[in-house]
Amino acid sequence: MAPGLIAVFSLFFSLISFGQGQQGVSIDKIIARVDNHYILNSELEEMYTQYKAEGRAAPEKCQLLESLIINKMLLAKAEIDSVVVEDKEVDGELDAKMGYMVQRFGSEKNIVEAYGKSIENLKSELRTQVKEQKIVEKMQRTISGNVKITPSEVRKFFNSIPKDSLPYIPSEVEIGHIVKLGTVTREQKDKLRQQLLELKQRAEKGEDFATLAQIYSEDLGSAKNGGDLNFAKRGAMVPEFEGAALSLKPGEMSDIVESQFGFHLIKLIETRGAEYHARHILLRPDYNKGTDMTSAIRSLDSLRNLIEIDTLKFAKAALDNSEDKETAESGGLIMDRNTGLARLTLDASMDPALYFAIDTMKVGDLSKPVAYRTEDGRSAMRILWYKSKSEPHTANLRDDYEKLAQIVLSNKRNNALEEWFKKAQGDVFISIEPEYKDCKVLGLEALANDI
């Protein structure tokens, strides 16, 4: 096993979104197999091409192939060990990714033109990727999630680094934010309600509910299945949805239901003990049109005043009020996605909007409400807190303990993964095309066979 397993493994996750389309991909063929999972030449070429398109130095193709084989091994072992993920998790991630794509390209029409595929085909491909990603992540947590480190291990690691080889740490900042989404106007809500009422009337007159869901529902995960949400346990859905669904008899349709996800028209299929099976049609507000920021600004101004007079701590205000749930749990602090730490490198890699916002602030300052666009494309406002800034320095144990601890933890998890892969190789069949026999994938020389 190559020593940089986690680095290789991360290649897969860094490229698990759509790249620049399918143009220029070589004629497809199978180049490797792991049990019943196959790796196509197009997958390898797409990974390589995407690196080039993003202006990054592309790893060797052998390294990319190894990352794909590692991924398939985890999937194969997950099947053997019965590791699964809920459809609800996949659907949530799929919605977020599709929302990001719409934001990036401007509209679904532009996405279709860019990829030369229908939205439904793209959703289907992306859903498969997302599901595999979720299973692989869960499998990885199963393998190395319980790995722990001690302060003495961190100290030992730091002392093992030659003093003249200690890394130079650039300036880093801690920034928190509290986010408030814009309020959808009554006019837009009334429009969505009316659209769903019209769809309900069409279903009552005999049109197939599932077909209507396929055409109109904006729940990207269930629409292709006619709005089918499968069986859900009580408590799995948001209260508004569940309350409406459980008040129905099989075959009945609900009134229009509003939840945090939008507006639903629900049809109950059946109940089974503590579970129920329903379809729905979901229409979402357009957060780029008809969004009122008045309430968001007023709420943030109020919170800002309370924090400034020390009546309310920023972390508590973020936890209780921020509508960015990912950062709310950390007291509003924005995390570096690569390290998982609340320290952001103050350089060109930072989000430009954030970089220019704090450029006019001092440590300890709270900003006034500023416009913000969430990752899934919704319009919002936020206040920023410039918590701290470190000066550039040579790494030391006092100031950089968290960063050093992350390295030690990664190394230890790497070792756990390597041990797992050594054992797992005997449980799965791995074969690669002879043209890649020199790659020595997973440190083995005897993998090359006819597939």
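Fair warning: this is a prediction, and the values are worked out from it, not measured in the lab. (Residues numbered from 1 in each chain as written. Predicted model: local features only at pLDDT ≥ 70, side-chain atom pairs only at ≥ 80, totals over all residues. Heavy atoms only, no water.)

Caption draft 1: How the structure looks around the sheet that holds strand β1 (residues 30–34). Strand order in the open sheet formed by three strands is β2-β1-β15, and the pairing between neighbours is antiparallel. For this open sheet the edge positions go to β2 (37–40) and β15 (430–432), each flanked by a neighbour on one side alone. If you compare each strand with its neighbour and ignore which way they point, the axes differ by 15° on average. Strand contacts of helix α3 (residues 61–80): β1, β2 and β15, with the helix running at about 165° to β2, the strand carrying the most contacts. (Pairing = 2+ DSSP bridges. Helix = DSSP H or I, 4+ residues; strand = E, 2+ residues; numbered from the N terminus. Axes fitted to C-alpha atoms, helices over the stretch in contact; angles between N-to-C directions. Contact = heavy atoms within 4.5 Å.)

Caption draft 2: Examining the nonpolar core more closely. In terms of nonpolar packing, the biggest core is built from 42 residues, with Leu65, Ile69, Met73 and Leu74 touching the most fellow members. Looking at this core, the elements with two or more residues in it are β1, α2 (41–53), α3, α4 (87–105), α5 (108–115), α6 (119–144), α16 (401–424) and β15. With 10 residues, α3 is the largest single contributor of residues to this core. (Core = buried A, V, L, I, M, F, W, Y, C linked by side-chain atoms within 4.5 Å. Buried < 20%, exposed > 50% of the residue type's maximum accessible area, 1.4 Å probe, protein only.)

Caption draft 3: Broad picture of the packing of helix α8 (residues 186–204) against helix α9 (residues 209–216). Taken N-terminus to C-terminus, the directions of α8 and α9 make an angle of 150°; their axes are 9 Å apart at the nearest point. In terms of their interaxial angle, α8 and α9 are classed as roughly antiparallel. For the crossing formed where α8 meets α9, the hand is right-handed. Across the interface between the two elements, Leu199, Arg202 and Ala203 of α8 pack against Phe209, Leu212 and Tyr216 of α9. (Parallel < 35°, antiparallel > 145°, perpendicular 65-115°, else oblique. Left-handed = near helix turned anticlockwise from the far one by under 90°.)

Caption draft 4: Focus on the packing of aromatic side chains. Throughout the structure, instances matching the rule amount to three aromatic pairs. Residue placement shows Arg272 over the ring face of Phe231; its charged tip is 3.7 Å from the ring centre. (Phe/Tyr/Trp six-rings, centres within 6.5 Å; stacked < 30°, edge-to-face > 60°. Lys NZ or Arg CZ within 6 Å of the ring centre and 35° of its normal.)

Caption draft 5: Spotlight on α3. An ideal rise of 1.5 Å per residue puts 28 Å on 20 residues; α3 measures up with 29 Å between its terminal C-alpha atoms. Judged by how many residues are buried, α3 sits mostly within the fold: 15 of 20 residues are covered. Trailing α3 by a residue or two, Ser82 shows a phi angle of about 60°, which is positive. (Expected span 1.5 Å × (residues − 1).)

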